[in-house]
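As a plain string of letters, each chain reads:
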Amino acid sequence: SVSQVGAELQDPVLLLRVADAAGQPLVGADVRVEAFHVARASERQNLVLNERAPGQYAAPARLDRRGQWELRVRVAAQGREFEQVLRPDVGGVPL
């Protein structure tokens, strides 16, 4: 099962690191993100991330507004689904 998701913004790419309960990279997962700035919740981006390396998934993203964003991460792998909400402060503290 999935237990860890970490995010990083390498403008203009959103990079997620996904690991299982043992901390091992999760390969072959279907990873999707709904992203929006909390002040503009009606302006949502729906991203489908591609696997770049074992456990690393990436997609172009426009997180071009400073402040708090909400990333609703959905991961499907090994017959299970996992959801996690991340709230990074873009332009401030690293994701």
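Conventions we followed
Here the residue numbers are simple positions, counted from 1 along each chain's written sequence. Only residues with pLDDT of at least 70 are given local features in this predicted model, and only at 80 or more are side-chain atom pairs given and counted; all residues enter the totals for whole chains, interfaces and linings. Just so you know, side-chain values use all the structure's heavy atoms and leave hydrogens and water out. Each helix is a run of DSSP H or I of at least 4 residues and each strand a run of E of at least 2, with the numbering of both proceeding from the N terminus. Computation of the radius of gyration draws on C-alpha atoms alone. For the globule rule, the value is 2.2 Å times the number of residues to the power 0.38. Two strands are counted as paired when DSSP detects at least two bridges linking them. Note on ring pairs: Phe, Tyr and Trp rings are taken, using the six-membered ring of Trp, and paired if centres are within 6.5 Å. Classes follow the plane angle, with under 30 degrees stacked, over 60 edge-to-face and the rest tilted. By the criterion adopted, a ring carries a charge over it if an Arg CZ or a Lys NZ lies within 6 Å of its centre and within 35 degrees of its normal. Salt bridges, as used here, are contacts in which a Lys or Arg side-chain nitrogen is within 4 Å of a carboxyl oxygen on Asp or Glu. In this analysis, two residues are considered to be in contact whenever any of their non-hydrogen atoms come within 4.5 Å of each other.

K.L.:
Looking at this structure, how should I read the overall build of the protein chain?
P.N.:
Helix and strand counts for the protein chain come out as zero helices and eight strands. Walking the protein chain from its N terminus toward its C terminus, one meets helices and strands in the order β-β-β-β-β-β-β-β. A compact globule built from 95 residues would reach a C-alpha radius of gyration of about 12 Å, and the protein chain, at 13 Å, matches this within 12%. Over its C-alpha atoms, taken along the principal directions, the protein chain stretches across nearly 35 × 20 × 20 Å.

K.L.:
When you look at the pairing of strand 6 (residues 67–77) in this model, what are you seeing that I'm missing?
P.N.:
Here is the key point about a regular strand: its side chains alternate between the two faces of the sheet. Sheet topology note: the strand 3 (residues 30–37)/strand 6 ladder contains eight bridges and is antiparallel. Across the sheet, alanine 35 pairs through a bridge with leucine 71, a residue of strand 6. Pairing of strand 6 with strand 8 (residues 89–90), which is carried by two bridges, proceeds in the antiparallel orientation. When the sheet's bridge partners are listed, glycine 67 is paired in strand 8 with valine 90. If you look at the hairpin formed by strand 6 and strand 7 (residues 80–86), you'll find two residues sitting between the two strands, and glutamine 78 has a positive phi there, around 55 degrees.

K.L.:
How do you make sense of the packing of aromatic side chains when you look at a structure like this?
P.N.:
Aromatic ring pairs are reported here in terms of the distance separating the ring centres and the angle at which the planes meet. On inspection of all chains with the given rule, the structure shows zero aromatic pairs. Looking at arginine 44, its charged tip hangs above the ring of phenylalanine 36, at a distance of 4.1 Å from the centre.

K.L.:
Hey, could you run me through the pattern of salt bridges in this one?
P.N.:
Any two side chains of opposite charge can pair if their charged atoms end up close together. A complete count under the given rule lists six salt bridges for this structure. Two residues, arginine 87 and glutamate 70, come together in a salt bridge whose shortest N-O distance is 3.1 Å. Here glutamate 70 lies in strand 6 and arginine 87 lies in the loop between strand 7 and strand 8, a separation of 17 residues in the sequence. Overlapping salt bridges, with partners in common, bring together Glu34, Arg44, Glu70, Arg72 and Arg87 in one network.

K.L.:
Quick question: what am I supposed to make of the environment of proline 12 here?
P.N.:
Assignment of secondary structure puts proline 12 in the loop between strand 1 (2–10) and strand 2 (13–20). Non-local contacts of proline 12, meaning those with residues more than four positions away in its chain, are made with Ala59, Pro60 and Ala61.

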